[in-house]
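Coordinate analysis (summary)
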Amino acid sequence: MNLVTNQTTTPLKVAVLGAAGRMGQTVCAAVDGAPDLELVARVDAGDDVAAVVRESGADVAIDFTVPSVTETNVHAALDAGAHVVVGTTGWDDDSRGRVSEHLERLAQAGTPRGVLIAPNFGLSAVLAMTFAAKAARYFESVEVIELHHPDKVDAPSGTARHTAHAIAAARAEAGVAPSPDATETGWEARGADVEGVRVHAVRLRGLVAHEEILFGNTGEQLSIRQDSFDRVSFMPGVLLAVREVVSRPGLTVGLEKVLDLS
Ligand SMILES: NC(=O)C1=CN([C@@H]2O[C@H](COP(=O)(O)OP(=O)(O)OC[C@H]3O[C@@H](n4cnc5c(N)ncnc54)[C@H](OP(=O)(O)O)[C@@H]3O)[C@@H](O)[C@H]2O)C=CC1
Ligand SMILES: O=C(O)C1=N[C@H](C(=O)O)C[C@H](O)C1
């Protein structure tokens, strides 16, 4: 029998850190437009993150700030009782490890919380990374090109690092040799070395966020390309992460985990 009830769910309360930024403004609008979410705080540079998050009663804090402050913000939001969704770049094994330890302490204290860090919330980017990881073992050569707006402060992009990491792991597991490269001079023109994968960063007015992964064998090539033309492309992933993180204690890295792609 199909039982229909009048039960209504309480909206999740959300605080946005970096609210005045390019992503922050788009995220605030997306949260505002979601019937199951309530925007309770906009946090900007100079604000006391822990105090604002605590006083707002936020269930989830979303961080789109800058690499130099994002880890501090996550610890502050956790101390204020919130789960956290992070889109900001700049994370490494050490900073992720410290967040995992913080989450472990909260779990042991009986107040488990979740943190979900994703270098890219765009579906096209998540799928491109997934397909690239699958293809990685079958090609002799691989290079990554990321292309972004010129106001971006970090290079290579977090997405490109995540992509290169997944490709490198897949190639290592399959025992694939390093990409052939006879370069003797002019190494500065060959891009960054991310775990053995060459990554090239383009900065161009008019771009938003784009990535191309190039694979080569003798006589054939595979190009995987994704384009975010507008920051609204990240919003379904951000909202999905907000709804998921409250029931995912501990640290989750990558939206592919939530989408069951990995
Ligand atoms: N995961 C994903 O899908 C995506 C990730 N990103 C990443 O998100 C981050 C933000 O990008 P974007 O919005 O373009 O950058 P912006 O520079 O436009 O926004 C960052 C905002 O954070 C503010 N800020 C700085 N310090 C603090 C602080 N301590 N507390 C709160 N706010 C602070 C800045 O304020 P002020 O300017 O006054 O310093 C600014 O308003 C980047 O790391 C980017 O790579 C971007 C797009 C998608
Ligand atoms: O700064 C940006 O714009 C973006 N940053 C993220 C990254 O560094 O990968 C995600 C997306 O590429 C947009």
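Residue numbers restart at each chain and count upward from 1, following the sequence in its written direction. Here every chain gets a letter starting at A, and every ligand a number starting at 1, in the order they are written. pLDDT decides what is reported in this predicted model: residues at 70 or higher carry local features, side-chain atom pairs at 80 or more are listed and counted, and totals for whole chains, interfaces and linings draw on all residues regardless. To get the side-chain values, all heavy atoms of the structure are used, and hydrogens and water are removed first.

1. With respect to the site of ligand 2
Cut-off, in case you're wondering: For this description, a residue counts as near a given molecule or strand if any of its non-hydrogen atoms is within 4 Å of it. For the purposes of these results, a polar contact is taken to be a pair of N or O atoms within 3.5 Å, where, inside protein, one atom must be able to donate a hydrogen and its partner to accept one; residues adjacent in sequence count only when each atom of the pair is a side-chain atom. Here, Shrake-Rupley sampling with a 1.4 Å probe gives the accessible areas, and only protein chains in the shown set may cover a residue. For this classification, the nonpolar set comprises Ala, Val, Leu, Ile, Met, Phe, Trp, Tyr, Cys and Pro, the charged set comprises Asp, Glu, Lys and Arg, and every other residue, Gly included, is treated as polar.
T89, P119, N120, H148, H149, K152, S157, G158, T159 and A209 make up every residue found near ligand 2. The separation between an oxygen atom of ligand 2 and a polar side-chain atom of H149 is 2.9 Å. The contact in question runs from an oxygen atom of ligand 2 to an N or O atom on the side chain of K152, over 2.6 Å. Protein burial of ligand 2: of its 320 Å² of free accessible surface, 84% is covered by the chains. Here the shell around ligand 2 is composed, by residue class, of two nonpolar, seven polar and one charged.

2. Focus: the environment of H162
Cut-off, in case you're wondering: Only runs of H or I of at least four residues qualify as helices and only runs of E of at least two qualify as strands under DSSP, and these elements are numbered from the N terminus. Relative accessibility decides the category of a residue: with a 1.4 Å probe and only protein chains considered, values under 20% of the type maximum give buried, values over 50% give exposed, and everything between is partly exposed. Whether two residues are in contact is decided by their heavy atoms: any pair within 4.5 Å suffices.
Counting through the fold element by element, H162 comes out in helix α6 (residues 158-174). Classification of H162 by relative accessible area gives buried; the value is 17%. Counting along the chain gives 42 residues from H162 to N120, while the straight-line C-alpha distance between them is 9.1 Å. If we ignore the near neighbours within four places in the chain, the residues touching H162 are P119, M129, V253, G254 and E256.

3. Points about the packing of helix α2 (residues 49-56) against helix α3 (residues 70-79)
So the rule is basically this: Helix axes are fitted only over the stretch in contact, all axes being lines through C-alpha atoms; the angle between N-to-C directions runs from 0 to 180 degrees. Two helices that cross are described as forming a left-handed crossing if the nearer one is turned anticlockwise from the farther one by less than a right angle, and a right-handed crossing if clockwise.
Two elements in contact, α2 and α3, have axes whose closest approach is 8 Å; the angle formed by their N-to-C orientations is 35°. Considering the relative orientation of α2 and α3, their crossing is right-handed. For the pair α2 and α3, the contacting residues are V49, A50, V53 and R54 in the first and N73, A76, A77 and D79 in the second. Its residues placed into classes, the contact of α2 with α3 shows five nonpolar, one polar and two charged.

4. So, the side chain of N120
Here N120 shows up in the loop between β5 (114-117) and α5 (123-135). Within polar-contact distance, the side chain of N120 engages the backbone nitrogen of G122 at 2.8 Å. Filtering out sequence-adjacent residues up to four positions away, N120 remains in contact with A125, V126, M129, T159, F234 and L255.

5. A few points about the UniProt feature "binding site: NADP(+)" (unreviewed entry) in the chain
Test applied: UniProt positions are given in the numbering used here, feature names are shortened, and annotations may be inferred rather than shown by experiment.
The positions UniProt marks with the feature "binding site: NADP(+)" (unreviewed entry) are R42. The residue R42 is located in strand β2 (residues 37-43) in this model.

6. Remarks on the pattern of salt bridges
What counts is decided by this rule: Salt bridges are defined by distance alone: a side-chain nitrogen of Lys or Arg within 4 Å of a carboxyl oxygen of Asp or Glu.
Across all of its chains, the model carries 13 salt bridges by this definition. Here D193 and R198 are joined by a salt bridge, their closest N and O atoms 3.9 Å apart. Of the residues examined, R198 reaches a relative accessible area of 15% and is grouped as buried. Connected through shared salt-bridge partners, E143, D181 and R190 make up one network.

7. Looking at a nonpolar patch on the surface
Basically, it comes down to this: Only residues whose relative accessible area exceeds 30% and that form no salt bridge are eligible for patches; like-charged ones are grouped when within 9 Å, while nonpolar side chains (Val, Leu, Ile, Met, Phe, Trp, Tyr) are grouped when within 5 Å.
A cluster of nonpolar side chains, contributed by L123, L259 and L261, occupies part of the molecular surface with about 230 Å² of accessible area. With respect to the helices, strands and loops of the structure, L123 is situated in helix α5.

8. Quick word on the pairing of strand β1 (residues 12-17)
Let me state the cut-off plainly: Two strands form a pair only when DSSP identifies at least two bridges running between them. By convention, orient the strands away from the viewer: a clockwise path from the first strand over the helix to the second makes the crossover right-handed.
Where burial is concerned, most of β1 is hidden: five out of the six residues are buried. In this structure, β1 lies alongside β2, joined through six bridges in parallel fashion. In the strand pairing of β2, L12 is matched with L37. You can see the chain leave β1, run along helix α1 (residues 22-32) and come back into β2, and the turn it takes is right-handed. In this sheet, strand β3 (residues 60-63) lies alongside β1 in parallel orientation, the contact comprising four bridges.

9. Description of the domain arrangement of the chain
This is how the line gets drawn: Either an automatic procedure or a domain database provided the assignment from which the domain bounds are taken. When two components associate, each loses some accessible surface as probed by a 1.4 Å sphere; the sum of these losses over both components is called the buried area.
We note that the domain assignment places domain 1 (12-117 + 232-258) and domain 2 (123-229) within the chain. Averaged C-alpha coordinates put domain 1 and domain 2 at centres separated by 28 Å. With nine residues of domain 1 at the interface, the matching set in domain 2 holds 12 residues. Summed over the three residues of domain 1 that lose the most area to domain 2, namely R22, T89 and E256, the buried surface amounts to 53% of that side.

10. Examining the packing of α3 against helix α4 (residues 93-108)
To describe two helices that pack against each other, one gives the angle between their axes and the distance between the axes. Put simply, the rule reads: Any angle from 65 to 115 degrees is called roughly perpendicular, while one under 35 is roughly parallel, one over 145 is roughly antiparallel, and all others are oblique.
Put simply, α3 and α4 touch, their axes get as near as 10 Å, and they point 5° apart. Compared by their axis directions, α3 and α4 come out roughly parallel. Within the contact between the two elements, α3 uses E71, V74, H75, L78 and D79 and α4 uses S95, R98, V99, H102, L103 and L106. Of the residues assigned to the contact of α3 with α4, the class counts are five nonpolar, three polar and three charged.

11. Structural notes on the sheet that holds strand β6 (residues 141-148)
Hydrogen bonds between backbone atoms are what pair the strands of a sheet, whose relative direction is either parallel or antiparallel. With mixed pairing, the five strands of this open sheet are ordered in space as β7-β8-β6-β9-β10. In this open sheet, the two strands that pair with only one neighbour each are β7 (192-194) and β10 (220-228). Strand-to-strand twist of the sheet, defined as the mean angle between neighbouring strand axes without regard to direction, takes the value 25°. Looking at chain direction, β6 and strand β8 (residues 197-203) are connected through six bridges and run parallel. Of the residues in β8, the one forming a bridge with E143 is R198. Those strands touched by α5 are β9 (209-217) and β10, and its axis lies near 160° from that of β10.

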